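A structural walkthrough
Single-letter residue listing:
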Amino acid sequence: MLLVYKVCPTFPKYELFGLCSQFQRAAVSIAANIAEGYRRDGMKDKLHFLNMSQGSLEECRYYILLAHDLNYIDDNTENYMNESIEEASKLLNAYYKGIKERNIL
């Protein structure tokens, strides 16, 4: 979620090692866990990493809400980020279901 890296510099400087750091870590973790799970051989391992990715995605969803509540982002930015998170969540869920269904056949 490159958008997180574009938005965080607009936060107050004292959030650099607080909210910004946590937000960026969670955003990076989404893709990193997908990548790590991709190379796993067993379905159980693949699904485990996709679940971790979904957890990081939900963590980002909370950070968007918190950033908005703290007035670090405006309504338009919050809406755009939430739309991006929702799209990523749908794709991740479809990938998860696809792996699960493919291994049943």
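Presented here is a report on the structure given in the accompanying data block. (Residues numbered from 1 in each chain as written. Predicted model: local features only at pLDDT ≥ 70, side-chain atom pairs only at ≥ 80, totals over all residues. Heavy atoms only, no water.)

**Things to note about the overall build of the protein chain**
Scanning the protein chain from terminus to terminus reveals four helices and zero strands. Its helices and strands taken in sequence order, the protein chain reads α-α-α-α from the N to the C terminus. Each of the three principal axes of the protein chain carries a C-alpha extent, and together these read 50 × 25 × 15 Å. Long-range pairs, those at least 24 residues apart, make up 64% of the contacts in the protein chain with a sequence separation of at least 6. Working note: accessible area of the protein chain is about 6800 Å², and carbon and sulfur atoms make up 56% of it. Here the protein chain carries 12 positive and 14 negative side-chain charges, and the mean point of each set is 10 Å from the other. (Helix = DSSP H or I, 4+ residues; strand = E, 2+ residues; numbered from the N terminus. Contact = heavy atoms within 4.5 Å. Areas by Shrake-Rupley, 256 points an atom, 1.4 Å probe, with all protein chains shown as cover. Lys, Arg positive; Asp, Glu negative; His and termini not counted. Charge placed at Lys NZ, Arg CZ, Asp CG, Glu CD.)

**Thoughts on the pattern of salt bridges**
Proximity of charged atoms lets side chains of opposite charge pair with each other. In total, this model carries four salt bridges according to the counting rule given. A salt bridge links Glu 59 to Arg 25; its shortest N-O distance comes to 2.3 Å. Taken together, the residues Glu 59 in helix H3 (residues 43–69) and Arg 25 in helix H2 (residues 19–38) connect sequence positions 34 residues apart. For Glu 59, a relative accessible area of 23% corresponds to the partly exposed category. The class of Arg 25 is partly exposed, set by a relative accessible area of 38%. For the salt bridge of Arg 61 with Glu 58, the shortest nitrogen-to-oxygen distance reads 2.9 Å. In this pair, Arg 61 and Glu 58 are both assigned in helix H3, three residues apart and thus about one turn of the helix distant. By relative accessible area, Arg 61 is classed as partly exposed at 24%. Taking relative accessible area as the criterion, Glu 58 reaches 35% and is therefore assigned partly exposed. A network of salt bridges, in which partner residues are shared, links Glu 58, Arg 61 and Glu 86. (Salt bridge = Lys/Arg side-chain N within 4 Å of Asp/Glu carboxyl O. Buried < 20%, exposed > 50% of the residue type's maximum accessible area, 1.4 Å probe, protein only.)

The quantities given are spatial measurements derived from coordinates; they are silent on function.
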